[in-house]
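Below are the chains, spelled out letter by letter.
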Amino acid sequence: MNPTLRHAAAHCFVESLDAPVLAADDEHHLARVLRITANDAITVSNGAGAWAPARFTAVGGVVLQGDVVHEPPLADTTIACAIPKGDRPEWIVQKLTEIGVARIVLFTAARSVVRWDAERTRKNVERLQRVAREASMQSRRVYLPVVEVLAWSDVARLEGLAIAEPGATGRIDTTVRVVAVGPEGGFDPSELAAGIPTVTLSEQVLRVETAALAGGLELLLARR
């Protein structure tokens, strides 16, 4: 990680680096929560790989203090996870964002207990995108992850897909770009019979959120 990013007092996202403007919530967080002053160095990013050092001004704006840096694209990594109960979707999105996964997909499997209708999907995606943005600020990411909900039929067609399945003999390698984690009851036999490769993440049966994080870490290591 670039030392300027690492040691900045705060890291924020703006719509444009040509004329950076902080969102009202971010301005409040920097000024009132973090107590950032004009003497503190911060960094700002457009969420698409570009960032720059900056200063927080007395009137709540930001002024760039150096050249815009363009980071190389993220490794093509996706974790697709069956929607779990409770607040675990937030935990999954937060942790996968922090470790650097590029894309996070939630889906409903045949054995899923949690099923979101269209309105709940819209609200939950908005909430999870906020979680990802906050986690990106904390972890100094300059690429915001894609967070979305897809049908399993769409997930099953993703290039480089492998299903995480206890007892599988396959391992995540450079041919795998997407790891799908099933619900607590596991994938249905009909889903496993579709000819999608399977990979193992552990000798034990993992919780959904543990499997998602383990899959994300192995994907990233395989792409290095």
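Everything below is about the structure printed above this text.
Criteria and thresholds
- Residues numbered from 1 in each chain as written.
- Predicted model: local features only at pLDDT ≥ 70, side-chain atom pairs only at ≥ 80, totals over all residues.
- Heavy atoms only, no water.
- Helix = DSSP H or I, 4+ residues; strand = E, 2+ residues; numbered from the N terminus.
- Contact = heavy atoms within 4.5 Å.
- Areas by Shrake-Rupley, 256 points an atom, 1.4 Å probe, with all protein chains shown as cover.
- Lys, Arg positive; Asp, Glu negative; His and termini not counted.
- Charge placed at Lys NZ, Arg CZ, Asp CG, Glu CD.
- Expected span 1.5 Å × (residues − 1).
- Buried < 20%, exposed > 50% of the residue type's maximum accessible area, 1.4 Å probe, protein only.
- Polar contact = N/O pair within 3.5 Å; in protein donor to acceptor, adjacent residues only side chain to side chain.
- Core = buried A, V, L, I, M, F, W, Y, C linked by side-chain atoms within 4.5 Å.
- Pairing = 2+ DSSP bridges.
- Axes fitted to C-alpha atoms, helices over the stretch in contact; angles between N-to-C directions.
- Phe/Tyr/Trp six-rings, centres within 6.5 Å; stacked < 30°, edge-to-face > 60°.
- Salt bridge = Lys/Arg side-chain N within 4 Å of Asp/Glu carboxyl O.

(A) Quick peek at the overall build of the protein. Across its full length, the protein holds 7 helices and 11 strands. The C-alpha extent of the protein, read off along each of the three principal axes, is 60 × 35 × 25 Å. The long-range share in the protein, meaning contacts at least 24 apart out of those at least 6 apart in sequence, stands at 69%. Roughly 11,600 Å² of accessible area belongs to the protein as shown, and the carbon and sulfur atoms make up 51% of that amount. Separation of charge centres in the protein, based on 24 positive and 27 negative side chains, amounts to 3 Å.

(B) Molecular detail of helix α4 (residues 118–139). Its 22 residues place the ends of α4 31 Å apart at the C-alpha level, agreeing with the 32 Å of an ideal helix rising 1.5 Å per residue. The complete set of buried residues in α4 reads Thr121, Asn124, Val125, Leu128, Val131, Ala132, Ala135, Ser136, Met137 and Ser139. For α4, the capping residue at the N-terminal end is aspartate 117, with a side-chain oxygen 3.3 Å from the backbone nitrogen of glutamate 119. Two residues or fewer after α4 comes arginine 140, characterised by a positive phi angle close to 65°.

(C) Fine view of the nonpolar core. Counting residues in each nonpolar core, the largest one holds 29 residues, and the members touching the most others are Ile79, Cys81, Val93, Ile172 and Val179. For this core, the secondary-structure elements that each account for two or more residues are β6 (78–82), α3 (88–99), β7 (103–107), α4, β9 (161–164), β10 (178–181) and α7 (208–223). A per-element tally of this core places α7 first, with 6 residues. Setting aside anything within four residues of it in sequence, one finds isoleucine 172 in contact with Val179, Val199, Leu201, Gly215, Glu218, Leu219 and Ala222.

(D) Looking closely at the sheet that holds β10. Across the sheet, 6 strands lie side by side as β8-β7-β6-β10-β9-β11; this open sheet has parallel pairing. Of all strands in the sheet, those with a lone pairing partner are β8 (146–149) and β11 (198–199), marking the two edges. In terms of strand pairing, β9 meets β10 through 3 bridges, oriented parallel. Paired with alanine 162 across the two strands is valine 179, which belongs to β10. Of the strands in this sheet, β7 and β8 are in contact with α4, which crosses β8 at around 160°.

(E) How the structure looks around the packing of aromatic side chains. According to the stated counting rule, one finds 3 aromatic pairs in the structure shown. Where phenylalanine 107 meets tryptophan 152, the ring centres are 5.0 Å apart and the plane angle is 40°; that geometry is what we call tilted. On the criterion of sequence distance, the pair formed by phenylalanine 107 in strand β7 and tryptophan 152 in helix α5 (residues 152–155) is long-range, its members being 45 residues apart. On the basis of relative accessible area, tryptophan 152 is assigned to the buried category, the value being 14%. Considering the side-chain rings of tryptophan 152 and phenylalanine 187, the 5.3 Å spacing of their centres and the 45° angle between planes classify their relative orientation as tilted.

(F) Molecular detail of the pattern of salt bridges. A full pass over the atoms with the stated rule returns 14 salt bridges. Among the salt bridges present, the one from arginine 133 reaches aspartate 26, with a minimum N-O distance of 2.6 Å. You can see arginine 133 sitting in helix α4 and its partner aspartate 26 sitting in helix α2 (residues 24–33), a full 107 residues away along the chain. Owing to a relative accessible area of 6%, aspartate 26 belongs among the buried residues under this scheme. Among the salt bridges present, the one from glutamate 119 reaches arginine 122, with a minimum N-O distance of 2.5 Å.

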